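Working through the structure, step by step
Now for the letters of each chain:
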Amino acid sequence: MPIMKPRAMGFNAVSFYIFWGILEGKRGDISFEGFRDLQPFFDAAKQAGVYLIARPGPYINAETTAGGFPGWGTHTPGLWRTSNASYTEAYAGYIKEVGSRIAANQITKGGPVILVQSENEYSGWADGYAEDPVYESQLMQAFRDAGITVPLTTNDAWPGGHYTSVDVYGYDSYPNGFDCSHPYNWSSDAVPEWLWGSHIQFTPNVPNALYEFQGGAFDPWGGSGYSSCSVLTGPEFERVFYKNQFAMSTTYLNLYMIYGGTNWGGIAHPGVYTSYDYGSAIAEDRSLREKFYELKLQANFLAVSTAYLTTRPMNIYNTQGSFTGNSALKTTQVLDVVGNKTGFYVVRQADASNNDTQSYTLNLETSLGALTIPAIGGSLSLNGKDSKIHVVDYTAGTTTLVYSTAEVMTWATIDNRDVIVLYGNAGELHETAIKFDGATPPAVKIASGNGKIKQKALVGGALALQYTTSGQTVVEVGSEVLLYILDRKEAYQFWVLHPPSTGDMTHFNTDNPIIVKGGYLVRTATVNGNVLSLTGDLNSTSNFEIIAPAASSRTVTFNGQPLLTTKTSYGTLSASKKVVLPPVVLPNLSSLPWKAANSLPEISAQYSDALWTVANHTSTVNPIQFTTPVVLYAGDYGFHTGNILWRAHFSATGTETAFKVDIVGGSAFGYSVWLDSTFIGSWVGDPAVSEFEGTFSFPKSLSKGTNHVITILQDHMGYEEDWASASDDFKTPRGIMSYSFIGSPLTVVNTWKVAGNLGGEEFIDRTRGPLNEGGLYGERQGWHLPGFDDARWSSGNPTMGISQAGVSMFRTKFNLNIPQGVDYPISIVVGNSTSTPKHFRAQFYVNGYQFGKYINHIGPQKAFPVPQGILNYHGENTLAISLWTADATGGNLESLALQITSKVETSMPAVVNQPSPGWTPRPGAF
Ligand code: IPT
């Protein structure tokens, strides 16, 4: 995941989940092999100067299969998320192993980890159960025993006072919900003013901590797509809802998600598809949304507003019309109750759904006494879905702003001058009053830009400046203040950097600010003598303005290249940098040579299933009782992910006319059924259906006493989550709930067999982990892996597809040669005609890693980002695609292409490819 980008955004920490089920796919065998190694992540965070908040569960939710629990949990007796010994014994090994690795990276040991979260939303319980304090304290003890000494936290799903025995209790809130299909619908009362009250009720002595506040939304199979989620939670949402949290003196705000990434392999639960983009500030392909730039304004403001840390909201529940006299507005007064000086006035619409522009004046107490602002006349405005923080008696170095209606993005004292960066929406009227000593106000000089400034000396010794925020205007106020007056888009271009200091934790430095305007992303600033080295990403020719101490910026470089700087009249540096984005020709996937092979040999008469697992259990610990003669839950036989196959051998009575079967696989799952070699039908799948009973007619009657086999291929969409504790919802089976032969109640299945991923919990691919491959014949054989010899396969490609119901695997190879020094994320893009959709499912394997699961008639995902490192950008790549057609007429991908989704020149360190071991003979593969 991107780790330097959050820091560049002005955030100081990143929280991350750890997925127990991926580390302990087989009980007792906890592995940190391959991508599961945590240490490179800890090291990268430390290097980037980002603190870490570890959230190892054991339960995580996170839209993941079983909410992060291991598959073997589904056949472990006893209630999970309770103090039941069979559960506490189950997690003990994992907490010990993961806990010791986190412990070694705690801040007390020189690492980046500052907090560890115990459990996740331990807030709701199945009927008949309640909060289990024994579980809570046992789990905390397990973390302590593993060496965790930093504070333990927990995130209540709402401020409900659960699990308050942790060191720093906090809660979650998703006030705009998850309906991305109506991204502009905000309910009138969506903005939660009441969170402060709950904070004071339960834990008044710890910071008001929001461990998860909405940063995006997930999207289900068949959903509207993540670009809508990014609108639902877009820059307007960030302004209104986050500033409301600042009105609640929230001093810990963690956004879920800043970067969601990809549910590759079998990571997802049935409620989400491969992309976990989440509509976040940083998109799945790591490109930056406008949301990122809006967050940068807010984060940088908080970082320099130390008075905010000791504030309290003063007029909670009495905000409507306050301070503005306009009852269409709510204004919260947030005062620094320790410093007794600074105030923050947070203004927003009283009705969150209101899109009207509101005019207002502010009537405030200041150190100059009661003021009506703007003092020079006119009025302020709030445009539609917006919110502002107006500061009062705000300290910026040696400067005091008696007030500013334009918002503060940042300030820094550089070469004895207070540089103050102010912004508002384009065209808005604003006023800022600067305190001065003595009788004469300082001289005001427009140093650059077209802005006009009105000024007025206020009684008591402050100079009020009135202006319109439009473009950039730089104003010198005396010799000690430099004001940047910006509209929002200009403000988006500012970066605040802190060159590493010397000594321990050097990259975490928050002193010696350097302000840089320009560039798509500025990652780092380092000072060496009089050389200032900047690094970052540029997407076009960029004009920079650099506000840095003169002595440490005589020479400036960007990504190692010297910048030709000129000094502005007011002492900053300007420079321009051309960007070369080298063209890259990507291989044309449709013209590559492809090989194809049948991946459903199971339906041929010659096929032997002798090596399959016999499904012969006659009992289960699963809370859902079975009604079939033997248990037909795939999980009970160790198969927890991907496609599952079933075989039912029976001897015909001769009167069978159809096979009826009820299968559960999770939302949007499907299945196909064959009688011997003959396809008899499919349930193609529907996002609203997680279990389906279908009846599949036999094409002709069977002769009495003849032996036959039914083969069923079903999809496993992941296990349900276990959000309600003690519910054991994650144990909801994947498999066959009931079956019968129509016309012949007496037909008996002699043997049921099941196949999933090769080895089941003894999964074969230690590098790619337990959730990467499923039970298709081609997967069991390792056909998806690089190096498999497909020389004897016939030619055929996935856009030609297959002409009957079945499964094929397609393989091709291509080379990439992407130049160094650029970041060009690549997606696999498929075409989708929704008019008369064919029913098929495809999985995309890149160098053996499954990075896409596509269901043609359900969608919505059509572009599957594959990160550099999975894709080899400098050499050969193997792409394997499984295609399961559910219609008798077959199916094919309409189109298939590689696409670059964003282009920047970058200082991103060279990407080390993930290990991608090639095919080796798989003993016992069948
Ligand atoms: C909260 C979970 O803690 C988190 O893991 C994730 O699932 C998130 O929601 C939704 O994306 S659950 C909360 C919405 C009740």
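About the criteria used
Residues numbered from 1 in each chain as written. Predicted model: local features only at pLDDT ≥ 70, side-chain atom pairs only at ≥ 80, totals over all residues. Heavy atoms only, no water. Domains from an automatic or database assignment. Contact = heavy atoms within 4.5 Å. Salt bridge = Lys/Arg side-chain N within 4 Å of Asp/Glu carboxyl O. Near = heavy atom within 4 Å. Polar contact = N/O pair within 3.5 Å; in protein donor to acceptor, adjacent residues only side chain to side chain. Areas by Shrake-Rupley, 256 points an atom, 1.4 Å probe, with all protein chains shown as cover. Nonpolar A, V, L, I, M, F, W, Y, C, P; charged D, E, K, R; others polar. Phe/Tyr/Trp six-rings, centres within 6.5 Å; stacked < 30°, edge-to-face > 60°. Helix = DSSP H or I, 4+ residues; strand = E, 2+ residues; numbered from the N terminus. Buried < 20%, exposed > 50% of the residue type's maximum accessible area, 1.4 Å probe, protein only. Lys NZ or Arg CZ within 6 Å of the ring centre and 35° of its normal. Pairing = 2+ DSSP bridges. Expected span 1.5 Å × (residues − 1). Arc of directions from axis to C-beta. UniProt positions renumbered as here; feature names shortened; annotations may be inferred.

**A few points about the domain arrangement of the chain**
- Along its sequence, the chain is organised into domain 1 (4-306), domain 2 (308-577), domain 3 (589-596 + 776-905) and domain 4 (601-755).
- The C-alpha centroid of domain 3 is placed 32 Å from the C-alpha centroid of domain 1.
- Taken together, the contacts link 17 residues of domain 1 with 16 residues of domain 3.
- Inspection of the region where domain 1 meets domain 3 yields one salt bridge.
- Residues Asp-823 and Arg-286 are paired through a salt bridge, measuring 2.8 Å at the closest nitrogen-oxygen approach.

**Some details on the site of the ligand**
- For the ligand, the set of nearby residues contains 17 residues, the closest of which are Asn-61, Glu-63, Glu-121, Glu-212 and Tyr-278.
- Glu-121 places a side-chain nitrogen or oxygen 3.3 Å from an oxygen atom of the ligand.
- Take Tyr-278: an N or O atom from its side chain is 2.4 Å from an oxygen atom of the ligand.
- For the ligand, whose unbound accessible area comes to 380 Å², protein coverage reaches 88%.
- Class assignment for the residues of the shell around the ligand results in 10 nonpolar, three polar and four charged.

**Quick look at the packing of aromatic side chains**
- If you walk through the whole model with that rule in mind, you get 68 aromatic pairs.
- Measuring from ring centre to ring centre gives 6.4 Å for Phe-344 and Tyr-394, while their planes differ by 90 degrees; the resulting arrangement is edge-to-face. Taken together, the residues Phe-344 in strand β10 (residues 343-349) and Tyr-394 in strand β15 (residues 387-396) connect sequence positions 50 residues apart. Each member of the pair, Phe-344 as well as Tyr-394, is classed as buried.
- Over the aromatic face of Phe-32 sits the side chain of Arg-101, whose NZ or CZ is 3.8 Å from the ring centroid.

**Re the sheet that holds strand β27 (residues 521-528)**
- Read across the open sheet, the four strands follow the order β27-β28-β30-β31; overall the sheet is mixed. Both outer strands of the open sheet, β27 and β31 (561-562), are each paired with one neighbouring strand and no more.
- Bridging between strand β28 (residues 531-537) and strand β30 (residues 555-558) involves four bridges; their strand directions are parallel. Within the sheet, the bridge partner assigned to Val-531 lies in β30 and is Thr-555.

**Some remarks on helix α5 (residues 133-145)**
- Over its 13 residues, α5 runs 18 Å from end to end, which matches the ideal 18 Å to within 8%, given 1.5 Å per residue.
- Those residues of α5 that sit buried are Tyr-135, Glu-136, Leu-139, Met-140 and Phe-143. For α5, the arc enclosing every buried residue in end-on projection is 130 degrees, short of the 170-degree limit, so these residues lie on one face. Turned more than 90 degrees off the buried face of α5, the exposed positions are Pro-133 and Asp-145.
- Looking at the buried residues of α5, the elements they touch are α4 (85-103), β3 (113-117) and β4 (152-156).
- Measuring from the backbone nitrogen of Val-134 back to the side-chain oxygen at the start of α5 gives 3.1 Å, which picks out Asp-132 as the cap.
- Trailing α5 by a residue or two, Gly-147 shows a phi angle of about 105 degrees, which is positive.

**Things to note about the UniProt feature "domain: Beta-galactosidase" (unreviewed entry) in the chain**
- Sites flagged by UniProt as "domain: Beta-galactosidase" (unreviewed entry) map to residues 308-494.
- Summarising residues 308-494: 2% helix, 58% strand, and an end-to-end C-alpha distance of 22 Å.

**A word on the side chain of Ser-322**
- Along the chain, Ser-322 turns up in the loop between β8 (311-313) and β9 (329-336).
- From its side chain, Ser-322 meets the backbone oxygen of Asn-318 in a polar contact 2.7 Å long.
- Ignoring anything within four residues of it in the chain, the contact list for Ser-322 reads Asn-315 and Thr-331.

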